[in-house]
Amino acid sequence: MQLGMTRRFSIVAVAVLVTLLPSLILAGENSKDGTAEDSAKRLPAVHIDGNYFSRDGHRFIPMGAHWVPAKAAMQWPTNWDPKDIEADFAKMHELGYSIVRMDMLWAWFEPRPGDYNPTAFQQLDYLVSLAHKYQIYLHPSLFIGGEVGEAYWDVPWRHGRHPHADAEMLRLETNLAAEFGRHYANETAIIGWDLTDEPPFWIVDGQTTDAMAINWTRLIVDGIRQYDKLHPIVVGTSGQEISHGPFGADDIAPFVDFFSVHPFTLYAPDLFPDALLSARGTYGAAFEITFSRGAGHPVMIHEMGASTAQFSPERVAAYDRAQIYSGLGAGSMGVDLWCYTDAAPEQFHKVPYLRTPQETGWGMTTWDRQDKPLAREFKKLSQVVSQLDLTGIAPAPADVGIVIPDEWAKPHGDFSHFGLTGPEMIPYVSINDADAIPGRAQPDASAGNRWLMSSALTTFILARRAGLKADFPREYSDWAKRPMLFMPSPITSTGDTFLAHVHSDFYEKARKYVENGGLLYASVASDGAVPEMASLFGARMADRAVSSEVTLKFVAPFGDFKPGDTLHYTVPSASIESWGALLDVTNGKVIAVDQDGHPALVANTLGSGKTLLSAYPLEHYLANVPAVFDKPEDTHRIYEAFRDWAGMKSAFHADRPMVEVSALNGERRGYVVVVNHSDQIQNVKILTTLAVHAIARILPDGAKPMSMEGSSWKMDLGPYEGAIVEWKQ
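(A) Structural view of the overall build of the protein chain. Helices and strands together make up the secondary structure of the protein chain, namely 17 helices and 33 strands. What you see for the protein chain is a C-alpha radius of gyration of 26 Å, in line with the 27 Å of a compact globule of 729 residues. In terms of overall dimensions, the protein chain has a C-alpha envelope of 85 × 70 × 45 Å along the principal axes. Burial statistics for the protein chain: of 729 residues in total, 61% are counted as buried. Taking as baseline every contact in the protein chain between residues at least 6 positions apart, the subset at least 24 positions apart corresponds to 78%. For the protein chain, the accessible surface area stands at approximately 26,200 Å², while carbon and sulfur atoms represent 52% of it. Here the protein chain contributes 61 positive and 88 negative side-chain charges, whose respective centroids are spaced 5 Å apart.

Spelled out as structure tokens, the structure:
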């Protein structure tokens, strides 16, 4: 795990693991220490079936954490202690692990170019035997690489070469990947290959382009697939979506079988300006999972958590619990936390723990294998999840599509959606795709990306608070299948941060979508630009609406808003990204006005569909307010009112905005995942539009039937507590 997602370090700890003799490594071991019991039941092979992993014809959700031993830490291959390692596996088995992710240190497996260390593979064989014995799947992470704090564990023969770009490095990496595939092509204890942890390699962060990431992923996958056709493949990315990094899900989707997320909200204060344990913070996993799923594969939580050197153990446990439940509701195919154990005190005296005190306390157990509060919560969660019958189950389809611009999703240098056809005598060259031009650096688009991501996150949460499920279809995908479409600013903006907004011709498609019965909401800022806007929204932009405070006053009934009701916002900056728009209303209906009496919300009917336009970027405003959802906040009521006006009804929803309800649906059966995103006990009513006749809450010790009251049921949820309820028709 990296010290910070948004912070990179110029000083890299290079720990080269080389040339120790195998006889010294394995000295004193007898054959009994080197392998687990031969009589252990062998783990069945795993493949992906729909949204989930499957073994022996049954889908399942693997639960576990990343393993870095407490005492040996990242030196475990050279400080080899099979008895201590087996004790870790026994403890993980006790806690309900069914998966463990671990680091394959590159320099240990390949101490010299093309020369593989047989001892390293013998050690991995031993871990495989423990996997079978304790029924815990291995998830090896290759080419490590960056791991723990700011440390980068290099190979001694790199000599400054770029591992994602240098031809010789790529050849050697592809060959080592093939060697892993050759050794373990049919090994059923391995659940899947993780190509590496948190790329780009930290040693070349800031120097890696989309093209490098795509080519590297393609080559390493091809290396494994030369021999291994069995195991699913993932790249263990961290924050590549929310930071618009080169290893984003859209770039690597053609080559991998599933995606990973590392939703460390504490390392993204620009998107999560909140306490660790907060409403917005506990939506982090669901947001990243949903965003990545928009690129076309199922998603697993690969790393997540917080350090008890920084936060109380009880709050860390509650934070992870809420995130796991919320993530499962979003469709997570597995959970692998960071990490299994705290570091032992002797590790505090040397890097990387010497320089990163917070890394000492990330474990769900103490260094001497005592349960922390997270371990106790995890064990209960594992018992709950193990009872789920996922046959025919899939995450419910979204009610709302939040369209992600193609300029964000495409790799730099891809002109396939530029409207150009045939040969061009005078070529079009884009400075916004500069890293596709030799000798040019890519312009810094981080501000535009943050603008887009923060509004997308806010819209996602507001939709959930309004009882609507949102997802993130890409601009040139099948977004029109959603009954509702939300386009918060800056998706409606213009300007040369192209990644933040849709193409001009998108609005022609949006108009047809509405005419055919679609429901479209949009917010604009002063920099907005919508071609032929009046024909779609019944209003057009006339000028900028400059203000430092905004008050929306309702002048017509709308949902549960009455004339005279108000909503108030603080404008975060004196800029065209934050100011609103002065609207000229044509055939739309004014629902609310601003503090100056100008139209602020305009409703319109077009064909069989409806639109709602906000003259102010409300989502952008909320994104900049610390702890905004930890206190009374009513913007979601606008979404609710639009939903009710349009006649939309979700299959399941709660009567309280702080309680998230997600559905996992099958044939006349399924599960509802309920999460309390607040610090208060919630006595919540869950309502359904389905003809449900039986429900039962899945508890660690089994299913407990619950009583229906007509088309609803009530349940109590403690602060940041989650629950899974099985339903049948």
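Following the structure, the description resumes.
(B) Representation of the sheet that holds strand β14 (residues 394-395) within the structure. Reading across from one edge, β14-β27-β28-β33-β30-β31 is the order of the six strands in this open sheet, with antiparallel pairing throughout. Looking at the sheet topology across the chains shown, the edges are occupied by β14 and β31 (702-706). Here strand β27 (residues 659-665) runs beside strand β28 (residues 669-676); their pairing, made up of seven bridges, is antiparallel. The residue bridging Glu660 from the neighbouring strand is Val675, located in β28.

(C) Structural context of the packing of aromatic side chains. All told, the structure shown has 47 aromatic pairs when counted by the stated rule. Look at Phe291 and Trp408: their rings are 5.0 Å apart centre to centre, the planes differ by 75°, and that puts the pair in the edge-to-face class. Residue Phe291 is located in helix α9 (residues 284-293), and its partner Trp408 is located in helix α12 (residues 406-409); the two are separated by 117 residues in the primary sequence. For the residue pair Phe291 and Trp408, the accessibility class agrees, reading buried in each case. Here Phe554 and Phe561 contribute two aromatic rings whose centre-to-centre distance is 3.9 Å and whose plane-to-plane angle is 10°, an arrangement assigned as stacked. As far as burial versus exposure is concerned, Phe554 and Phe561 are alike and both buried. These aromatic residues form a ring-pair network of at least three members: Trp106, Phe143, Tyr152, Trp157, Phe201, Trp216 and Phe247. We note Arg637 situated over the ring of Phe561; from NZ or CZ to the ring centre the distance is 4.1 Å.

(D) Spotlight on the sheet that holds strand β32 (residues 712-717). The strand order across the open sheet built from three strands is β26-β29-β32, with neighbouring strands paired in antiparallel fashion. With one partner strand each, in any of the chains shown, β26 (652-654) and β32 form the two edges of the open sheet. On average, each strand axis in the sheet is tilted by 25° relative to the strand beside it, whichever way the strands run. For β26 and strand β29 (residues 682-688), the ladder comprises three bridges, and the chain directions are antiparallel. Its bridge partner lying in β29, Phe652 is registered against Thr688.

(E) Examining the nonpolar core more closely. Among the nonpolar cores identified, the biggest contains 217 residues, and Phe89, Leu127, Leu138, Phe180, Leu552 and Ile638 are the most heavily contacted of them. Residues contacting Phe89, with those up to four places away along its chain left out, are Val100, Met102, Leu127, Leu130, Ala131, Tyr134, Ile136 and Leu138. Ranked by size, the runner-up nonpolar core spans 18 residues in total, among them Ala396, Val684, Val692 and Leu717.

(F) Spotlight on the packing of helix α6 (residues 167-184) against helix α7 (residues 210-225). Taken N-terminus to C-terminus, the directions of α6 and α7 make an angle of 35°; their axes are 6 Å apart at the nearest point. The handedness of the crossing between α6 and α7 is right-handed. Contacts between α6 and α7 involve Leu170, Glu173, Thr174, Ala177, Ala178 and Gly181 on the former and, on the latter, Trp216, Leu219, Ile220, Gly223 and Ile224. Tallied by class, the residues present in the contact of α6 with α7 amount to seven nonpolar, three polar and one charged.

(G) Representation of unusual backbone geometry in the model. Residue Gly145 follows Ile144 across a cis peptide bond; omega there is 10°. Cis geometry is found at the peptide bond from Val351 to Pro352, where omega equals 5°. Of note, Pro352 is situated in the loop between β13 (335-337) and α11 (373-385). With phi around 50°, Glu198 is a residue other than glycine that occupies positive phi space. On the secondary structure map, Glu198 appears in the loop between β9 (193-197) and α7. Although it is not a glycine, Ala627 sits at a positive phi angle of roughly 55°. Residue classification places Ala627 among the partly exposed residues on the basis of a relative accessible area of 26%.

(H) Representation of the environment of Lys512 in the model. Topologically, Lys512 is positioned in helix α14 (residues 506-515). Between the alpha carbons of Lys512 and Gly206 there is a distance of 42 Å; along the sequence they are 306 residues apart.

(I) Geometry of the pattern of salt bridges. According to the stated counting rule, one finds 32 salt bridges in the structure shown. Asp560 serves as the salt-bridge partner of Arg637, at 3.2 Å between the closest nitrogen and oxygen. Placement of Arg637 in helix α17 (residues 636-646) and of Asp560 in the loop between β20 (549-554) and β21 (566-570) is noted, with a sequence separation of 77 residues between them. A single network of salt bridges, built from pairs that share partners, joins Lys71, Asp84, Asp88 and Arg369.

Criteria and thresholds
Residues numbered from 1 in each chain as written. Predicted model: local features only at pLDDT ≥ 70, side-chain atom pairs only at ≥ 80, totals over all residues. Heavy atoms only, no water. Helix = DSSP H or I, 4+ residues; strand = E, 2+ residues; numbered from the N terminus. Rg over C-alpha atoms; globule rule 2.2 N^0.38 Å. Buried < 20%, exposed > 50% of the residue type's maximum accessible area, 1.4 Å probe, protein only. Contact = heavy atoms within 4.5 Å. Areas by Shrake-Rupley, 256 points an atom, 1.4 Å probe, with all protein chains shown as cover. Lys, Arg positive; Asp, Glu negative; His and termini not counted. Charge placed at Lys NZ, Arg CZ, Asp CG, Glu CD. Pairing = 2+ DSSP bridges. Phe/Tyr/Trp six-rings, centres within 6.5 Å; stacked < 30°, edge-to-face > 60°. Lys NZ or Arg CZ within 6 Å of the ring centre and 35° of its normal. Axes fitted to C-alpha atoms, helices over the stretch in contact; angles between N-to-C directions. Core = buried A, V, L, I, M, F, W, Y, C linked by side-chain atoms within 4.5 Å. Left-handed = near helix turned anticlockwise from the far one by under 90°. Nonpolar A, V, L, I, M, F, W, Y, C, P; charged D, E, K, R; others polar. Salt bridge = Lys/Arg side-chain N within 4 Å of Asp/Glu carboxyl O.

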